[in-house]
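Architecture at a glance
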Amino acid sequence: MSEQDGKVAGELEPMPSAADAGAVPAQEQPGSPPSAEKPQPERRESKARRTGAEKSALGKVDRSGGGQRTRGGKEDGKRAATHRKRQRVMVDSSKAKTSLEALKISIKQLNWRELPVGRRQPCDIYWHGVSFHDNENISSGQVNKFPGMMEMVRKVNLSRTMRTMHELFPEEYNFCPRSWILPEEYHLFSAQVRIAKENDSSWKPTFIIKPDGGSQGDGIYLIKEPHDIRLMGSAQAKPCVVQEYIPKPLLVDKLKFDLRLYVLLKALEPLEIYVSREGLSRFCTEPYQEPNAKNLHHVFMHLTNYSLNVHSGKFIHSESTNTGSKRTFSSILGRLAGRGVDVKKVWSDIISLVIKTVVALVPELKVYHHAEIPPGRPGPTCFQILGFDILLMKNLKPILLEVNANPSMKIEHEQEVSPGVFEHVPSPVDEEVKVGVIRDTLRLVDPVQRRCQIQLCQVRLLCHRMPLVPADTALPMQASSSLLLVSSRWAHFKRRDPNDPGASQLPSLCLKQVFPKYSKQFSYLRVVERIAVLFVRFLGVKGSMRLGPTAFRTFIRSCKLSSSTLSMAAVDILYIDITRRWSCLATDQRESGMCLQAFVESFFYLAQRRFKLLPLHEQVVALADLCDRHLEALDERRLQCGRGAVERRTALASCQPGRSSSPIHTPEPQR
Ligand code: ADP
């Protein structure tokens, strides 16, 4: 990590470590909340709790009726119950797939309503197991997937995205292993490895090959030499990523392990990111040795995937959170703290990695979002839980292995209970972590809370504008009473309805906000996002994700980027060159035109030409500033023209004989 990284990381809030880390108050520790606060994973228990609480709610109605169950009291109780039922948040779980079990438990704990078969009327939340499109034509509510996320985190795309960020900020984006994209970069890869070996004869690298779109370790293998890559003829070659293999991972019990952390991307605009304080550590099942010709094929030694290691005879199904082949992350931190490791620093570095990765993903997600749900059209809002796979190096530096758009939310596993007999048995470690993540995601996107917050903001805004409103209008009174009303609703929400049995017993959130909380440290990295905003502005056609040649010319003209040294003919050639190259790389070739990545490349090119002596990111920022200035001026001119046109039209209308300004008289049609 760079010095700057260290500084940034050092300033972040440390993760409360496991009990033996002893650095934070007990109630803050992940995975070990006080028993009273522990989420209740047992479905039966949740039901029992709900029944009890419902009884107590009824009891309340009785008591208010003077201890007697009067008819009115009964009806009031019934009405209140119906009202509560109607108010309960509805979650469509019909497309939840493998996350269904964990989702069901979460909904029960919150005392919300599950709609297991969906329904025709709009729902508050749609829980999808795969992608944004699992349910079609959703026009309101919230969906737990962003359009385009699956495509963005595929291995090839993620490598490209991280590479762009590394180009701009090499010091900050140094947490991904060096990668090449095959087959297109095979020769580059071979040449770079050869040169590096010539320069340093002691360098004996290993590389890991990962097929694009693969998961669960499928098709992954290790090589020592570039010519060992199993490339078919380039026409059939499937895209994959070749990466430098991290030869010295941190070991626990002599085993390699990785971390699965859950990250909630709650909103793109404004950007909101939460990180789960608890995660999973997945262990290899064969003691680790640095790769050599003999052990290169030992998947149980080198690959930490659960789906692979579960088939090794040495896989231990965890009985508790700190034993076996799948443990909680906090239990690892506890072990590390016991070894004297600065776990706060480790956690801060991880948060830093997460924020930087999400910052890298956001620009293209915004383009997908704009294409899928264009502004002004009805559509749902989105949020998404991502699974971050992170490897700790021996020196404790976190390395990003991959991002999963659909992290497994299964809370049970298949186990051979007697020879040849398999059963699905609950996995306590999975349940503890995953139910917490889903439940707290739901709490954070709670539509009731959202509505309250939005109303409160609106009314506050109105009250702020009060001095501008003439004193004789009735608005101030209305606004202040609205503010009172909404504030009291909000306060009520914050106190949580005592009749809501789930809410009062829930533990504190396991998801912690990291953005905008740490926006000051990371906002300067959001440069590509500015380019994406420009890209979207010039896209023009609704639903499109590609820029046509005319739109590119309009961009150049509007931002006044052509000059005596960059003619419009040169601009056209630039467009054709870059677009053609990126079109060859695109997996989805249905749409023609310039994709965001190609636009970013041309933007870098234009920035480098214009601001020669600066480092790349300063060149790009300078060009983005320039574009913004020109576009603002253009908007201002258009606004004035628009205003002028309206004024001219009004003036013209009032000059016409027989036309008064109000009401507008429509002449009778001539017979
Ligand atoms: P998949 O999506 O198929 O699980 P990953 O990128 O997560 O692919 O890789 C699978 C496993 O391989 C990881 O869990 C990790 O144990 C190991 N691995 C992946 N990349 C590297 C690397 N660069 N260095 C060392 N180990 C790696």
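The chain appears in an unreviewed UniProt entry as Tubulin tyrosine ligase-like family, member 11 from Erpetoichthys calabaricus.

The local shell around the ligand holds 23 residues, among which Lys210, Gly217, Thr304, Asn305 and Glu402 are the closest. Contact distances for the ligand include 3.3 Å between an oxygen atom and a backbone N or O atom of Gln216. When the ligand is considered free in solution it has 540 Å² of accessible area, and contact with the protein chains removes 99% of it. Looking at side-chain class alone, the shell around the ligand contains seven nonpolar, eight polar and eight charged residues.

Geometry of a packed helix pair, given as the angle between the helix axes and the separation of the axes. Contact geometry of helix H4 (residues 100–110) with helix H12 (residues 428–445) gives a least axis separation of 9 Å together with a crossing angle of 55 degrees. Relative to H12, the element H4 is oriented oblique. As for the relative orientation of H4 and H12, their crossing is right-handed in sense. Residue-level contacts link Ala102, Leu103, Ile105, Ser106, Ile107, Gln109 and Leu110 of H4 to Glu431, Val435, Ile438, Arg439, Leu442 and Arg443 of H12. Of the residues contributing to the contact of H4 with H12, the split by class is eight nonpolar, two polar and three charged.

Among the ten residues in helix H10 (residues 329–338), eight count as buried, and that is most of the element. Taken as a whole, H10 has its buried residues at Phe329, Ser330, Ser331, Ile332, Leu333, Gly334, Leu336 and Ala337. Against the buried residues of H10 lie strand S10 (255–267), strand S11 (272–283), strand S12 (326–328), helix H11 (343–372) and strand S14 (384–392). Once H10 ends, the next one or two residues include Gly340, with phi positive near 90 degrees.

Considering all chains together, one arrives at 28 salt bridges under this definition. Arg160 is paired through a salt bridge with Glu184; the nearest N and O atoms lie 3.0 Å apart. On the criterion of sequence distance, the pair formed by Arg160 in helix H6 (residues 155–168) and Glu184 in the loop between strand S5 (179–182) and helix H7 (186–199) is long-range, its members being 24 residues apart. By relative accessible area, Glu184 is classed as partly exposed at 38%. Here the salt bridges do not stand alone but share partners, grouping Asp258, Arg260, Arg282 and Asp389 into one network.

Right, let's talk about unusual backbone geometry for a bit. The linkage connecting Leu182 with the following residue, Pro183, adopts the cis geometry, with an omega of 5 degrees. With respect to the helices, strands and loops of the structure, Pro183 is situated in the loop between S5 and H7. In this structure, Lys97 is a non-glycine residue whose phi angle is positive, near 55 degrees. Examined against the element boundaries, Lys97 turns out to sit in the loop between strand S1 (90–95) and H4. The backbone of Lys560 shows a phi angle near 55 degrees, a positive value even though the residue is not glycine. For Lys560, a relative accessible area of 47% translates into the label partly exposed.

This next bit is on the sheet that holds strand S8 (residues 240–244). One open sheet accounts for four strands, arranged S5-S8-S6-S7; its pairing is antiparallel. With one partner strand each, in any of the chains shown, S5 and strand S7 (221–223) form the two edges of the open sheet. Pairwise comparison of adjacent strand axes, ignoring direction, gives a mean angle of 25 degrees for this sheet. Two elements, S5 and S8, share four bridges in a ladder whose sense is antiparallel. Within S8, the position partnered with Ile181 by the bridge is Val241. Packing against the sheet, H7 makes contact with S5, strand S6 (207–211) and S8, and its axis sits at approximately 145 degrees to S5.

Phe388, Phe552, Phe555, Phe599 and Phe603 are the most contacted members of the largest nonpolar core, which has 111 residues in total. Per-element tally for this core: the top contributor is H11, with 17 residues. When sequence neighbours within four positions are dropped, the list of residues in contact with Phe388 reads Leu259, Arg260, Leu261, Val263, Leu353, Val354, Thr357, Val358, Leu400, Glu402 and Val403. Counting residues in each nonpolar core, the second largest holds 30 residues, with Val89, Ile105, Leu110 and Trp127 among its members.

It is worth spelling out the pairing of S14 at this point. When you tally the buried positions in S14, you get nine out of nine residues, the bulk of the element. Side-chain alternation along S14 places Gln384, Leu386, Phe388, Ile390 and Leu392 on one buried face and Ile385, Gly387, Asp389 and Leu391 on a second face that is also buried. Here S10 pairs with S14 via seven bridges, running antiparallel. In the strand pairing of S14, Leu264 is matched with Ile385. Bridge count between S14 and strand S15 (residues 398–404): six bridges; the pairing is antiparallel. Directly across from Phe388, in S15, lies its bridge partner Val403. Hairpin connection from S14 to S15: five residues lie between these consecutive antiparallel strands, with Leu396 at a positive phi of about 75 degrees.

On to the packing of helix H17 (residues 527–539) against helix H20 (residues 596–610). In contact at an axis separation of 10 Å, H17 and H20 are set at 110 degrees when each is read in the N-to-C sense. Relative to H20, the element H17 is oriented roughly perpendicular. The two elements H17 and H20 meet at a crossing, and its hand is right-handed. Packed against H17, whose contacting residues are Val528, Ile531, Ala532, Leu534 and Phe535, the element H20 presents Leu596, Phe599, Val600, Phe603 and Phe604 at the interface. Residues that form the contact of H17 with H20 fall into these classes: ten nonpolar, no polar and no charged.

In this section: the pairing of S10. Most of S10 is tucked away, with 13 of its 13 residues classed as buried. Alignment of strand S9 (residues 251–252) against S10, held across two bridges, turns out to be antiparallel. Across the sheet, the residue bridging to Val252 is Leu255, located in S10. In this antiparallel pair of consecutive strands, S9 and S10, the connection spans two residues, and Asp253 shows a positive phi of 55 degrees. Bridging between S10 and S11 involves nine bridges; their strand directions are antiparallel.

Considering all chains together, one arrives at 18 aromatic pairs under this definition. On the numbers, 6.3 Å between centres and 45 degrees between planes, the contact of Phe599 with Phe603 is tilted. Taken together, the residues Phe599 and Phe603, both in helix H20 and four residues apart, mark about one turn of the helix. Under the relative-accessibility criterion, Phe599 is labelled buried at 1%. Taken together, Phe535, Phe538, Phe552, Phe555, Tyr575, Phe599 and Phe603 form an aromatic cluster joined through their ring pairs.

Quick notes on the rules
- Residues numbered from 1 in each chain as written.
- Predicted model: local features only at pLDDT ≥ 70, side-chain atom pairs only at ≥ 80, totals over all residues.
- Heavy atoms only, no water.
- Near = heavy atom within 4 Å.
- Polar contact = N/O pair within 3.5 Å; in protein donor to acceptor, adjacent residues only side chain to side chain.
- Areas by Shrake-Rupley, 256 points an atom, 1.4 Å probe, with all protein chains shown as cover.
- Nonpolar A, V, L, I, M, F, W, Y, C, P; charged D, E, K, R; others polar.
- Axes fitted to C-alpha atoms, helices over the stretch in contact; angles between N-to-C directions.
- Helix = DSSP H or I, 4+ residues; strand = E, 2+ residues; numbered from the N terminus.
- Parallel < 35°, antiparallel > 145°, perpendicular 65-115°, else oblique.
- Left-handed = near helix turned anticlockwise from the far one by under 90°.
- Contact = heavy atoms within 4.5 Å.
- Buried < 20%, exposed > 50% of the residue type's maximum accessible area, 1.4 Å probe, protein only.
- Salt bridge = Lys/Arg side-chain N within 4 Å of Asp/Glu carboxyl O.
- Pairing = 2+ DSSP bridges.
- Core = buried A, V, L, I, M, F, W, Y, C linked by side-chain atoms within 4.5 Å.
- Phe/Tyr/Trp six-rings, centres within 6.5 Å; stacked < 30°, edge-to-face > 60°.

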